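Descriptive analysis of the structure
What follows is the residue order along each chain.
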Amino acid sequence: MATEDKNKGRSLDRLNHKYRLVIMNDDTYEEVTAFRLSRMSVYVALSTLFVLLVAITVATVVFTPLRYYIPGYGDLKQRKEFLQLKMRTDSLERAISTRDRYLQNLKDVIGGNIQLDTTMLKVPKVENSTY
């Protein structure tokens, strides 16, 4: 248990160790610039850069006409037209199926293929009245 705490403390300490990044001219070996960095500062810088790139990409897509190239995204006018066409198509499908059923029943009656089940008919009882 104590060794795990030591290793954990060492890994946290390593994040704060300072390192020196030197950029030198290759011909003259003159030091152009130098940076003092730690692992934590590099991690924070890269994370910030990643978040900024994602934010810029999302903003570009949302606030420019690029959003119309995303599948499933359209403007309000097109959406209303789509819904009207969908309702019209549904009503036309319903009318066609009703017409097809009617024509099939008519063919069955003309062809004599229909059999009536008279057991299902309800015949009212007639009472003997003295009228």
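Now for a quick tour of the structure. All values reported here derive from a predicted model rather than from experimental measurement. (Residues numbered from 1 in each chain as written. Predicted model: local features only at pLDDT ≥ 70, side-chain atom pairs only at ≥ 80, totals over all residues. Heavy atoms only, no water.)

Okay, the overall build of the protein chain next. Assigned secondary structure in the protein chain consists of three helices and two strands. For the protein chain, the N- to C-terminal ordering of α and β elements is α-β-β-α-α. Residue burial in the protein chain is summarised as follows: out of 131 residues, 1% are buried. Pairs at least 24 apart in sequence give 10% of the contacts found in the protein chain among residues at least 6 apart. (Helix = DSSP H or I, 4+ residues; strand = E, 2+ residues; numbered from the N terminus. Buried < 20%, exposed > 50% of the residue type's maximum accessible area, 1.4 Å probe, protein only. Contact = heavy atoms within 4.5 Å.)

This part is about the environment of Met24. Note on placement: Met24 falls in strand β1 (residues 18-24). Taking the C-alpha atoms as reference points, Met24 and Ala34, separated by 10 residues in sequence, lie 8.6 Å from one another. If we skip the residues at most four places from it in the chain, Met24 touches Tyr29, Glu30, Glu31 and Val32.

Moving on: the environment of Val22. Position of Val22 among the secondary structure elements: in strand β1. Residue Val22 is classed as partly exposed on the basis of its relative accessible area of 33%. For the pair formed by Val22 and Ala34, sequence separation is 12 residues and the distance between their alpha carbons is 4.3 Å. Apart from the residues within four sequence positions on either side, Val22 is in contact with Glu31, Thr33 and Ala34.

Before going further, it helps to spend a moment on the pairing of β1. Relative to strand β2 (residues 31-38), β1 runs antiparallel, the two sharing seven bridges. For Lys18, the partnering residue across the bridge sits in β2 and is Ser38. The loop that links β1 with its antiparallel partner β2 comprises six residues; one of these, Tyr29, has a positive phi angle of about 55°. (Pairing = 2+ DSSP bridges.)

Let us now look at the side chain of Ser38. Structurally, Ser38 is set in strand β2. Relative accessible area serves as the criterion here: at 8%, Ser38 is assigned to the buried category. Apart from residues no more than four positions distant in its own chain, Ser38 is found in contact with Leu15, Asn16, His17 and Tyr19.

Time to look at the pattern of salt bridges. Opposite charge on two side chains makes pairing possible when the charged atoms of those side chains draw close. Inspection of every chain in the model, using the stated rule, returns two salt bridges. The shortest N-O distance in the salt bridge between Asp100 and Arg99 comes to 3.2 Å. (Salt bridge = Lys/Arg side-chain N within 4 Å of Asp/Glu carboxyl O.)

For the rest of this paragraph, the subject is helix α3 (residues 76-111). For α3, spanning 36 residues, the distance from its first C-alpha to its last is 52 Å, which sits close to the expected 52 Å at 1.5 Å a residue. Of the residues trailing α3, Gly112 is marked for its positive phi of about 80°. (Expected span 1.5 Å × (residues − 1).)

On to a nonpolar patch on the surface. On the surface, Phe50, Val51, Val54, Val58, Val62 and Phe63 cluster together into a nonpolar patch covering about 610 Å² of accessible area. Its relative accessible area of 53% is what places Val51 among the exposed residues. (Patch = residues over 30% accessible without salt bridge, like charges linked within 9 Å, V, L, I, M, F, W, Y side chains within 5 Å. Areas by Shrake-Rupley, 256 points an atom, 1.4 Å probe, with all protein chains shown as cover.)

Of note, Tyr29 is a non-glycine position whose phi angle comes to about 55°, a positive value. Note on placement: Tyr29 falls in the loop between β1 and β2. Residue class for Tyr29 comes out exposed when judged on its relative accessible area of 60%.

Any link to function would need more than the numbers given here.
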